[in-house]
Amino acid sequence: MRLMAKTRTKPGKPKAAYPRVTFLEGRGDLPMLEIMTPWSSAEIYLHGAQVTHFKKHNEPPLLFLSQCSRFALGEPIRGGIPIIFPWFGKPAGKETQHGFARIKDWELKEMAMTPDGTVSVRLQMPEWLDSPDLPDCILEYRVTVNVALTVELVIMNRSGRDFGFENCLHTYFTVGDVGDLSIVGLKGVDYLDQLAGFARKTETRGAIRISSEVDRIYVDTPNTVEIRDSSLRRTIRVEKEGSASTVVWNPWIAKSKAMQDFGDDEYRQMICVESGNVAANAVNLPPGQTARLKVRLSSSKLK
Ligand code: BG6
């Protein structure tokens, strides 16, 4: 780990409270970083390189984390931003849903603090020794915490052959009530309706409302998406680069009850708006090339 910059305090003055990074044993005794900046706080587990918390001071948490989540080796954490890679869902022949990145233990490689109080960390996934059929790659995740949360998944193909994969930053957002939100930015975009056997349909609504289970892969869309939450009087912006798909998911009542690691009523407090490259938008990465998937999450008062 390399520390790029330190915060300076004048002799005799108390140490500035921000920025601050603390290494802790988190839930399930899993190692975690707690980050405090002048604007916000965040938590990152090395398990899955999963950001489980981001909150601006004086605002409710931006990310949703289930009260029933497991925190255990080999199990995904339910909430925050699970990293979905190298496949989405459960294709035939794969044993784990959504790939293995979210259940691996990542390594912290670098941490940096800039004089304005921004904190950045760089994590790397260890070699995928248990998947010898995959090409030799380096997988990094960069997290920047300030007034916004920026995450970037970087895949470098060091092998001599093409690497085809899917990726997705499966982001769970906190909302006041799922019935009081509109999702804006997907009008006119085609989607695969996972609840209708992946039927291809076109979104006709400028403002999508949620009143039942939803599980859709919007394709060929680089658009910024906004979640307008009239209950919390907050707009969340999801800005992305290197992403052609947006997945919208809410499990609603029956699926919530069926999930062991999710509260029966928690579907009302969350919505997943996920940025990635899924299905027809899967990435084919030639040898020597790098793929970047970057998402900036920010919030403001609902106008
Ligand atoms: C979403 C998928 O991205 O993730 C859903 O579109 C899936 O189909 C959901 O149910 C949750 O997946 P998991 O593996 O975390 O329970």
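See the structure printed just above.
Residues numbered from 1 in each chain as written. Predicted model: local features only at pLDDT ≥ 70, side-chain atom pairs only at ≥ 80, totals over all residues. Heavy atoms only, no water.

### Observations regarding the overall build of the protein
Secondary structure summary: the protein contains 1 helix and 24 strands in total. Its C-alpha radius of gyration of 19 Å places the protein within 12% of the 19 Å reference for a compact globule of 303 residues. Relative to its 303 residues, the protein shows a buried fraction of 54%. Contacts spanning at least 24 positions in sequence make up 62% of the contacts within the protein whose residues lie at least 6 apart. For the protein, the exposed surface amounts to about 13600 Å²; the carbon and sulfur share of it is 49%. Between the averaged position of the 40 positive side-chain charges in the protein and that of its 36 negative side-chain charges there is a distance of 7 Å. (Helix = DSSP H or I, 4+ residues; strand = E, 2+ residues; numbered from the N terminus. Rg over C-alpha atoms; globule rule 2.2 N^0.38 Å. Buried < 20%, exposed > 50% of the residue type's maximum accessible area, 1.4 Å probe, protein only. Contact = heavy atoms within 4.5 Å. Areas by Shrake-Rupley, 256 points an atom, 1.4 Å probe, with all protein chains shown as cover. Lys, Arg positive; Asp, Glu negative; His and termini not counted. Charge placed at Lys NZ, Arg CZ, Asp CG, Glu CD.)

### Side note on the sheet that holds strand β2 (residues 20–25)
The pairing of strands in a sheet comes from backbone hydrogen bonds and takes either a parallel or an antiparallel form. With respect to topology, 4 strands assemble into an open sheet ordered β2-β3-β4-β5, the strand pairing being antiparallel. Looking at the sheet topology across the chains shown, the edges are occupied by β2 and β5 (50–56). When strand polarity is set aside, the average angle formed by the axes of neighbouring strands in this sheet is 15°. For strand β3 (residues 31–36) and strand β4 (residues 40–45), the ladder comprises 5 bridges, and the chain directions are antiparallel. Its bridge partner being in β4, Leu-33 is matched across the sheet by Ile-44. (Pairing = 2+ DSSP bridges. Axes fitted to C-alpha atoms, helices over the stretch in contact; angles between N-to-C directions.)

### Regarding the packing of aromatic side chains
Tallied over the entire structure, the rule returns 11 aromatic pairs. Taken together, a centroid distance of 5.2 Å and an interplanar angle of 45° make the contact between Tyr-45 and Phe-71 tilted. On the criterion of sequence distance, the pair formed by Tyr-45 in strand β4 and Phe-71 in the loop between β5 and β6 (83–84) is long-range, its members being 26 residues apart. In terms of burial, Tyr-45 and Phe-71 fall into one category: buried. Positioned above the aromatic ring of Trp-87 is the side chain of Lys-94, whose terminal nitrogen or guanidinium carbon lies 4.4 Å from the ring centre. (Phe/Tyr/Trp six-rings, centres within 6.5 Å; stacked < 30°, edge-to-face > 60°. Lys NZ or Arg CZ within 6 Å of the ring centre and 35° of its normal.)

### Concerning the pattern of salt bridges
Taken as a whole and judged by the stated rule, the model has 22 salt bridges. Of the charged contacts, one joins Arg-70 and Glu-75 as a salt bridge, the two residues approaching to 3.8 Å between their closest N and O atoms. Across the salt bridge formed by Lys-255 and Glu-213, the nearest N and O atoms sit 2.8 Å from each other. You can see Lys-255 sitting in helix α1 (residues 252–258) and its partner Glu-213 sitting in the loop between β17 (207–208) and β18 (214–218), a full 42 residues away along the chain. (Salt bridge = Lys/Arg side-chain N within 4 Å of Asp/Glu carboxyl O.)

### Considerations on the site of the ligand
Every residue close to the ligand is listed here: Arg-78, Phe-88, Gln-97, His-98, Arg-102, His-170, Gln-194, Asp-215, Val-247, Trp-249 and Glu-274. In this structure, Gln-194 approaches the ligand through a side-chain N or O atom, which is 2.8 Å from an oxygen atom. One of the side-chain nitrogen or oxygen atoms of Asp-215 is found 2.5 Å away from an oxygen atom of the ligand. Here the ligand, which alone exposes 390 Å², has 86% of that area covered by the protein. Class assignment for the residues of the shell around the ligand results in 3 nonpolar, 4 polar and 4 charged. (Near = heavy atom within 4 Å. Polar contact = N/O pair within 3.5 Å; in protein donor to acceptor, adjacent residues only side chain to side chain. Nonpolar A, V, L, I, M, F, W, Y, C, P; charged D, E, K, R; others polar.)

### Here we look at unusual backbone geometry
Glycine aside, the phi torsion of most residues is negative, and most peptide linkages are trans. The residue after Tyr-18, namely Pro-19, is reached through a cis peptide bond having omega -10°. Here Pro-19 shows up in the loop between β1 (2–3) and β2. Backbone torsion omega between Phe-85 and Pro-86 reads 0°, so that peptide bond is classified as cis. Along the polypeptide, Pro-86 turns up in the loop between β6 and β7 (107–113). Phi is positive for Ala-49, close to 50°, though the residue is something other than glycine. Along the chain, Ala-49 turns up in the loop between β4 and β5. On the accessibility criterion, Ala-49 (0% relative accessible area) is buried. Positive phi is not limited to glycine here, since Asp-220 has a value of about 55°. Mapped onto the fold, Asp-220 is located in the loop between β18 and β19 (225–229).

### A word on the layout of surface pockets
Of the volumes computed, that of the largest pocket is approximately 510 Å³. Lining the largest pocket are 26 residues, with Arg-78, Gln-97, His-98, Arg-102 and Trp-249 positioned closest to its centre. Where the lining of the largest pocket is concerned, the elements lending two or more residues are β18 and β21 (245–250). Here the residues of the lining of the largest pocket sort into 10 nonpolar, 6 polar and 10 charged. (1 Å grid on protein atoms, 1.4 Å probe; cavity = no way out; pocket = protein on both sides within 12 Å on 5 of 7 lines; lining within 4 Å. Points joined across faces, edges and corners; volume = space filled by probe spheres on them.)

### Let's talk about the side chain of His-98
Relative to the elements of secondary structure, His-98 occurs in the loop between β6 and β7. In this structure His-98 comes out as buried when scored by relative accessible area, which is 8%. Those residues in contact with His-98 that lie beyond four places of it in its chain are Ile-83, Ile-84, Phe-85, Trp-87, Phe-88, Gly-89 and His-170.

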